[in-house]
Amino acid sequence: MIGLELIKNNIETDIKKQLDRIGILYRLHSRIKTIDSILEKDSRNRYSSSDKLMQDVIGFRIVTYFEDDVRLVADYFRNFFDIDNFQYDEPKDNEFNPLRKNLVCRITDRNLKDFRTVVEHSEENLSFLDSTFEIQFRTTLSEGWHEVEHNMRYKCKDEWKSLQKESRALNGIYATLETSDYTLRNLFEEIAYKQYKTKDYQGMLRNKFRLRFLLNDMSEELKGILLSNENIAKEIFKIDRKDLLSKLINSKLRFPITFNNICFFCNFLYLHHDEITRITPSILTDDFKYYFADIYET
């Protein structure tokens, strides 16, 4: 269905633009259900003979490298799109089960007009398709497990009714992956601390903020400032990564993700050191002041 493909591409461009803006490490997958898949799901869930609507004919999956980015990204797109519903299961301390981290959004504007045209002109009865799309959120480690679970257990629940031991084992695999997600994040935090202690400040920035940095090295001038004033590096190391990225993603501010620029941004938001302020390019300073006028005025 070409019309749906165009709608998917438009939405995908919007999602990529926002994720690339903050430099977060991610993979984005997308798909449109085929007619066969739509009809199969209808026969399984009986949409066409009930009041229920199928909401995931267009689907996206945002896969982040690190588990603490999943909630950050989900919350952002929850406010970015016109949402229909949001399901975000928090893990329980004594259970390891599939967790729903799904956002259903309304198709709007020009895409909505195109969607209605596709549905109205289809040879099949597709009136049970809702004008929505779904975004799922995963980490790289949980992504593969959820694929196996969805296809080999969720879609054939009857086969698993007598397989309690095997079902627990499958959940156990997920438990190890979830634990590995925490361990992976902690590993890079430990590396960042080690690099802070050895004054490898470029490495410290890479592993503390875990962003897709451009290849430009930190400038010698900025390195010199950090090496001559260890308190600045210490203050940068103590910055709350989540707070920094939340401010960036919610501001619509856009700049190349380089080591220098992240330092300049940290300095504007939290540090206010004259030496770094002096070497911050004026075009960046003007943007910071525009998007964070409240901080600048104080």
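Here the structure is a predicted model, which is why all the values come from computation and not from measurement.

## Focus on the layout of surface pockets
When its volume is computed, the largest pocket comes out at roughly 1300 Å³. Looking at the largest pocket, it is lined by 36 residues, and the ones nearest its centre are K41, D56, E134, Q136 and H150. At the level of secondary structure, the elements contributing two or more residues to the lining of the largest pocket comprise β1 (26-32), α2 (35-45), β2 (58-64), β3 (83-88), β4 (101-106), β5 (132-139) and α5 (140-152). Of the pockets and cavities examined, the second largest pocket occupies roughly 270 Å³. Lining of the second largest pocket is provided by 17 residues; of these, E67, L99, K101, E178 and Y182 occupy positions nearest its centre.

## A look at the sheet that holds β2
Working definition: the strands of a sheet are paired by backbone hydrogen bonds and lie parallel or antiparallel to each other. Sheet architecture is open: 5 strands sit in the order β1-β2-β5-β4-β3, paired in mixed fashion. The two strands at the open ends of the sheet, each matched to only one other strand, are β1 and β3. Mean inter-strand twist for the sheet, computed between neighbouring axes without regard to direction, equals 15 degrees. In the sheet, β4 pairs with β5 via 5 bridges, with the strands oriented antiparallel. Paired with N102 across the strands is Q136, a residue of β5. Packing against the sheet, helix α1 (residues 2-22) makes contact with β1, β2 and β5, and its axis sits at approximately 170 degrees to β1. Running at roughly 120 degrees to β5, α5 makes contact with β1, β2 and β5 of the sheet.

## Brief notes about the environment of T139
With respect to the helices, strands and loops of the structure, T139 is situated in strand β5. For the pair T139 and D20, spaced 119 residues apart in sequence, the C-alpha to C-alpha distance is 17 Å. Sequence-distant contacts of T139, that is, excluding residues within four places in its chain, are made with V63, T64, F66, E67, V70 and D181. Polar contacts involving the side chain of T139 include one to the side chain of D181, which spans 2.8 Å.

## Observations concerning the packing of aromatic side chains
Inspection of every chain in the model, using the stated rule, returns 21 aromatic pairs. Each ring, one from Y193 and one from F237, has its centre 5.7 Å from the other, and the planes form 50 degrees; the classification is tilted. Of this pair, Y193 sits in helix α6 (residues 164-197) while F237 sits in helix α9 (residues 230-237), and the two are 44 residues apart along the sequence. By relative accessible area, Y193 is classed as partly exposed at 42%. Measuring from ring centre to ring centre gives 5.3 Å for F268 and F288, while their planes differ by 40 degrees; the resulting arrangement is tilted. Here F288 lies in helix α13 (residues 282-291) and F268 lies in helix α11 (residues 259-271), a separation of 20 residues in the sequence. Neither residue differs from the other here; F268 and F288 are each classed as buried. Put simply, the rings of F60, Y76, F77, F80, F81 and F133 pair up and form one aromatic cluster. For R71, the ring lying beneath its charged end belongs to Y88, and the centroid distance is 4.2 Å.

Quick notes on the rules
Residues numbered from 1 in each chain as written. Predicted model: local features only at pLDDT ≥ 70, side-chain atom pairs only at ≥ 80, totals over all residues. Heavy atoms only, no water. 1 Å grid on protein atoms, 1.4 Å probe; cavity = no way out; pocket = protein on both sides within 12 Å on 5 of 7 lines; lining within 4 Å. Points joined across faces, edges and corners; volume = space filled by probe spheres on them. Helix = DSSP H or I, 4+ residues; strand = E, 2+ residues; numbered from the N terminus. Pairing = 2+ DSSP bridges. Axes fitted to C-alpha atoms, helices over the stretch in contact; angles between N-to-C directions. Contact = heavy atoms within 4.5 Å. Polar contact = N/O pair within 3.5 Å; in protein donor to acceptor, adjacent residues only side chain to side chain. Phe/Tyr/Trp six-rings, centres within 6.5 Å; stacked < 30°, edge-to-face > 60°. Buried < 20%, exposed > 50% of the residue type's maximum accessible area, 1.4 Å probe, protein only. Lys NZ or Arg CZ within 6 Å of the ring centre and 35° of its normal.

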